[in-house]
Amino acid sequence: MRDIKTSLKRESPEHESELFDTTWLLLGSMQHLLTNDDILACFSSVGSVMRDGGTVVIELPHPRETFSMGECTRNGWTVPLVESDGDDGGDEKEYGELNIIWGEEDDVFDPVAQIRLFTVGLELKVNDPN
């Protein structure tokens, strides 16, 4: 498995000589493609590097989240912060966490453009070393 990051609209991907079994478009990244031409360029780019019979995984928000005129659901996740203890044993010590918060009640949705402006917050917590 390799992690390759590139533009969603790239006409000629850097890795076009390679073919992949699976392509992932995660965290609602396709929401940033605001025109049909952008979406078609994205699918063309993905298709140019896929093996026959390959799979494209597209993660999108639930339509209730996008088209709801009510309050936005607040989501979040926590990423532990770890460091190696320096030994070759590979032990890691957790020294804090990063909390990512996605969405606020007053986030705006434009029903004509079908675009929601989401608030994203980051909260860093570092443990006291004493």
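Definitions and limits used
Residues numbered from 1 in each chain as written. Predicted model: local features only at pLDDT ≥ 70, side-chain atom pairs only at ≥ 80, totals over all residues. Heavy atoms only, no water. Helix = DSSP H or I, 4+ residues; strand = E, 2+ residues; numbered from the N terminus. Buried < 20%, exposed > 50% of the residue type's maximum accessible area, 1.4 Å probe, protein only. Contact = heavy atoms within 4.5 Å. Areas by Shrake-Rupley, 256 points an atom, 1.4 Å probe, with all protein chains shown as cover. pLDDT = per-residue confidence, 0-100. Expected span 1.5 Å × (residues − 1). Arc of directions from axis to C-beta. Pairing = 2+ DSSP bridges. Axes fitted to C-alpha atoms, helices over the stretch in contact; angles between N-to-C directions. Core = buried A, V, L, I, M, F, W, Y, C linked by side-chain atoms within 4.5 Å. Patch = residues over 30% accessible without salt bridge, like charges linked within 9 Å, V, L, I, M, F, W, Y side chains within 5 Å. Salt bridge = Lys/Arg side-chain N within 4 Å of Asp/Glu carboxyl O.

### Remarks on the overall build of the protein
For step 1, the next point in the chain: A tally of regular secondary structure across the protein gives two helices and seven strands.
For step 2, the next point in the chain: Counting only residues that meet the buried cut, the protein has 19% of its 130 residues in that class.
For step 3, the next point in the chain: Of all intrachain contacts in the protein linking residues separated by at least 6 positions in sequence, the fraction that spans at least 24 positions is 56%.
For step 4, the next point in the chain: Roughly 9900 Å² of accessible area belongs to the protein as shown, and the carbon and sulfur atoms make up 52% of that amount.

### With respect to the confidence of the model for the protein
For step 1, the next point in the chain: Looking at the protein, pLDDT values average 76 and 71% of them are 70 or higher.
For step 2, the next point in the chain: Per-element mean pLDDT across the protein ranges from 61 in helix H2 (residues 63-67) up to 90 in strand S2 (residues 50-58).

### Details of helix H1 (residues 36-48)
For step 1, the next point in the chain: For H1, spanning 13 residues, the distance from its first C-alpha to its last is 18 Å, which sits close to the expected 18 Å at 1.5 Å a residue.
For step 2, the next point in the chain: Among all positions of H1, only Asp38, Ala41, Cys42, Ser45 and Val46 are buried. Seen along its axis, H1 keeps its buried residues to an arc of 130°; they face one direction. In H1, the exposed positions that point more than 90 degrees away from the buried face belong to Asn36, Asp37, Leu40 and Ser44.
For step 3, the next point in the chain: In the core, the buried residues of H1 are packed alongside strand S1 (20-25) and S2.

### Concerning the sheet that holds strand S4 (residues 92-102)
For step 1, the next point in the chain: Here three strands make up an open sheet; going across it, the order is S3-S4-S7 and the pairing antiparallel. Among the strands making up the open sheet, the edge pair consists of strand S3 (75-84) and strand S7 (120-126). Sheet twist, expressed as the mean angle between neighbouring strand axes with direction ignored, is 20°.
For step 2, the next point in the chain: Where S4 lies against S7, seven bridges are found, and the strand directions are antiparallel. Bridge pairing links isoleucine 100 to leucine 122 in S7.

### Side note on the nonpolar core
For step 1, the next point in the chain: If you look at the biggest cluster of nonpolar residues, it comprises six residues: Leu25, Met30, Leu33, Cys42, Val46 and Met50.
For step 2, the next point in the chain: Once you skip the residues sitting within four places of it in the chain, methionine 50 turns out to touch Leu19, Phe20, Asp21, Thr22, Thr23, Thr55 and Val56.

### Some thoughts on the environment of arginine 116
For step 1, the next point in the chain: Relative to the elements of secondary structure, arginine 116 occurs in strand S6 (residues 115-117).
For step 2, the next point in the chain: A relative accessible area of 9% places arginine 116 in the buried class.
For step 3, the next point in the chain: With 13 residues separating them along the chain, arginine 116 and glycine 103 place their C-alpha atoms 9.9 Å apart.

### Description of a nonpolar patch on the surface
For step 1, the next point in the chain: Side chains of Leu34, Val108, Ile115 and Leu117 sit close together on the surface and give an oily, nonpolar patch of about 380 Å² of accessible area.
For step 2, the next point in the chain: With respect to the helices and strands, the residue leucine 117 is situated in strand S6.

### Quick word on the environment of isoleucine 115
For step 1, the next point in the chain: In this fold, isoleucine 115 is placed in strand S6.
For step 2, the next point in the chain: For the pair isoleucine 115 and histidine 32, spaced 83 residues apart in sequence, the C-alpha separation works out to 9.0 Å.
For step 3, the next point in the chain: In this view, isoleucine 115 contacts Leu34, Val108, Phe109 and Asp110; residues no more than four positions away in its chain are not counted.

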